[in-house]
Amino acid sequence: MRLVSLVAADGATISVEQDIIEQSGTIRNILNDVGLSDAAIPVPNVSGPILARVIDYCRHHRNDISRRQPQAPLLGEENDSSDAVTQRAISQMDEFDHDFCRVDQGTLFDLILAANFLDIPPLLDLVGYTVACKMKGKSVQEMRDTFAVKNDFTPEEEKQALEDNAWVEE
Amino acid sequence: MALDAAPPAVAAALPAELYMLVFERLDSFRDLCECSRVCRRWRTVADSDGVWGAMLRRRCVDVEAERRAQAGVRGSKAIFAGWHRRYRGFTDSYTRMRRVFGRLESWAEANCPLLRQSLAPGLGWMGDEPMPVRELLDVVHDSPAMRDFIMAHHLHDGQRRRSRYIECGMFGTYECYGQACSLSWLSSRMLQVVAIGRFRILVFALCVNTQNYLSVVVGCPPEHEAALMHHVVQLQPQSHRIEDRGLFGDFIAAYVDGLVAGRHDVCNGLISMMPNAGPHVGSSVTRGIRTTVSAMFCFDETPHFRVYRYQVTFEIVDPAALGVDSVQLVSRHWLIHYSNREYIQAEGAGVVGEFPIISTAEPYFRYCSRMRDEPEGLVVVGFEGRFSVVPGTIDAPLGPEFSLPVPYVELPIPMEIL
């Protein structure tokens, strides 16, 4: 099985089997263009440690057939409730996936950006939903605390934001 | 590694793109609105068209209809807010029924165009033109269980009719001994509440030929309220036999699921009322011919003893296994089971007076007949049997007769309300 070389943003070079890294739509496209060339593929937006984690994920899920296909909705899936889609994403999480997401926030965010850049929809869903779950049901202040975000609204802006969103309580 | 511990100013430095990816995955619009109040950065992304476009799709909102109804509205979030206001209290029903009818429309477009064409435009919403749904509410009092029903009529006000009889009934058709039944969905103008004993039922689907119907219980004795109030039922007046099909929302979702899953054949463009799969269906394949028997209880027949309608379908599914171009039906043999464990054999030549030929040119034959309790008090519970067919024709056989067996079919026994 052919080995592909990837060069991360920090210069680190990682080799990975082609069939594993082809779960990334971005890499798949590059390989199609590049053909049989052995040149290393630059992955400028992703650091070495994050790239290594993404490859771990792809390696664990290498045998999941569904991950190879473009993510077209299954018949009826486009009609599923948002809850059903989330439930399915969560129910498809195995123990590896749960452990995979037990990282600090910074790493989670980096993984989202990496999954988006590398076009790996199941990974994007996994980490995306994980962060979305951390926002679920939280009040404004709770979200600021969880995500270490400073309130940079002026008092008028804050009042405006409250009014603009008041319709939610009707 | 502390998990939720606030990392130093990490979140503030993140690109908007990342927030989009997360916000798009929030289930609840309430959470999205909370995000909008966190800080300026979050507000820009949480209020964006991309994110609210995703939310509108999640809730199956008809964006074009909302633009027309909310004149001058701009931006996906405003459309959503306006939708939420217009359908206050009904938003969950809206999403649920839009989903169900969306699936029905797609299925019908591909499999049953007659049905698709017959679905009438819906009633206008409160205060809109024409035919506001408020008039429907005079007949159907608003309550959580009836919201799905009201919303269904907002999406499609029943089936269009050019005459009393609608050929392609939404809830199925059958033909039995020359009597055609087409159970069609009534428009709101034709809804009526009927009193049956201590029940009041709202009839929403009807066949004018056979008086077969579907209804929602809108009034019932206190002892049955918990189990039956607002349920879709068929109820036989004098005998008080009842079939409970659940709350309207659940009933219509299950029915559409059945259509989409192919559990109802579509023959000559009409939906077969009797399913081809389930507990009251027996099916087997012999020498490439599939024989399917499907039974249902007749609420529209005499209440004095129970009558069941059953439908038999023959279909050549594997011409190679059959080996000949055609077979002719010679005789039928039934073993009818009764509740006291007795059984009776019933045999006869042909079926419904015919000796049909099933051939590769016409590989499909169906007929419908009736089964009932014996007048002496024997109560029928199920039946099985076989058909004898001959390869070629009876006059010019191409081989010996063989049997098409039918496995035991359990009859759907209706509940009795005392």
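Per an unreviewed UniProt entry, chain B goes by the name F-box domain-containing protein and belongs to Coemansia javaensis.

The name given to chain A in an unreviewed UniProt entry is E3 ubiquitin ligase complex SCF subunit, and the organism recorded there is Coemansia javaensis. What UniProt states about chain A under its Pathway (unreviewed entry) heading is, verbatim, "Protein modification; protein ubiquitination."

J.: Describe the overall build of chain B, and please don't skip the residues or the numbers.
T.: Counting its secondary structure elements, chain B contains 13 helices and 20 strands. Computed over its C-alpha atoms, the radius of gyration of chain B comes to 27 Å, more than 25% above the 22 Å expected for a compact globule of 418 residues. The principal-axis extent of the C-alpha atoms belonging to chain B is close to 90 × 55 × 50 Å. Counting the 418 residues in chain B, one finds 52% classified as buried. Of the accessible surface of chain B, which amounts to about 18700 Å², a share of 51% is contributed by carbon and sulfur atoms.

J.: Describe the pattern of salt bridges, listing the residues and the values that go with them.
T.: All names here are of chain B. Taken as a whole, this structure holds 28 salt bridges over all chains when the rule is applied. In this structure, the salt-bridge partner of Asp47 is Lys77, at a minimum N-O distance of 2.8 Å. Of this pair, Asp47 sits in the loop between helix 3 (40-46) and helix 4 (49-58) while Lys77 sits in helix 6 (residues 76-86); the two residues are 30 residues apart in sequence, bridging distant segments of the chain. Assessed through its relative accessible area of 23%, Asp47 is described here as partly exposed. Residue classification places Lys77 among the buried residues on the basis of a relative accessible area of 10%. The salt bridge partner of Asp257 is Arg103, with a shortest N-O separation of 2.4 Å. One end of the pair, Asp257, is in helix 12 (residues 248-260); the other, Arg103, is in helix 7 (residues 91-111), and 154 residues separate them in sequence.

J.: Describe the domain arrangement of chain B, with residues and values.
T.: Residue and element names in this part refer to chain B. Segmenting chain B into domains produces domain 1 (3-86), domain 2 (93-257) and domain 3 (276-416). Taking only C-alpha atoms, the centre of domain 1 and the centre of domain 2 are 36 Å apart. In this assembly, seven residues from domain 1 lie in contact with six residues from domain 2. In total, about 650 Å² of surface goes out of reach between domain 1 and domain 2, with carbon and sulfur atoms giving 38% of it. At the boundary of domain 1 with domain 2, the tally comes to one salt bridge. Ionic pairing is found between Asp62 and Arg98, a salt bridge with its closest N-O pair at 3.8 Å.

J.: Give me the nonpolar core: which residues, what numbers.
T.: Residue and element names in this part refer to chain B. Ranked by size, the top nonpolar core spans 121 residues in total, and within it Phe23, Trp42, Phe171 and Phe204 carry the most contacts. Both domain 1 (3-86) and domain 2 (93-257) contribute no fewer than three residues apiece to this core. Residues within four places of Phe204 in sequence aside, it is in contact with Phe149, Phe171, Ser184, Trp185, Leu186, Leu191, Leu214, Ser215, Val216, Val232, Phe248 and Phe251. Grouped together as the second largest cluster of nonpolar side chains are 32 residues, Val293, Tyr308, Tyr338 and Val351 included.

J.: Tell me about unusual backbone geometry, residues and numbers included.
T.: A negative phi holds for most residues other than glycine; trans holds for most peptide bonds. Phi is positive for Ala148(A), close to 50 degrees, though the residue is something other than glycine. Positionally, Ala148(A) belongs in the loop between helix 8 (140-147) and helix 9 (155-164). According to the relative accessible area criterion, Ala148(A) is partly exposed, its value standing at 23%. Phi at Val352(B) is positive, roughly 40 degrees, even though this residue is not glycine.

Analysis parameters
Residues numbered from 1 in each chain as written. Chains lettered and ligands numbered in written order. Predicted model: local features only at pLDDT ≥ 70, side-chain atom pairs only at ≥ 80, totals over all residues. Heavy atoms only, no water. UniProt positions renumbered as here; feature names shortened; annotations may be inferred. Helix = DSSP H or I, 4+ residues; strand = E, 2+ residues; numbered from the N terminus. Rg over C-alpha atoms; globule rule 2.2 N^0.38 Å. Buried < 20%, exposed > 50% of the residue type's maximum accessible area, 1.4 Å probe, protein only. Areas by Shrake-Rupley, 256 points an atom, 1.4 Å probe, with all protein chains shown as cover. Salt bridge = Lys/Arg side-chain N within 4 Å of Asp/Glu carboxyl O. Domains from an automatic or database assignment. Contact = heavy atoms within 4.5 Å. Buried area = accessible area lost by both parts, 1.4 Å probe. Core = buried A, V, L, I, M, F, W, Y, C linked by side-chain atoms within 4.5 Å.

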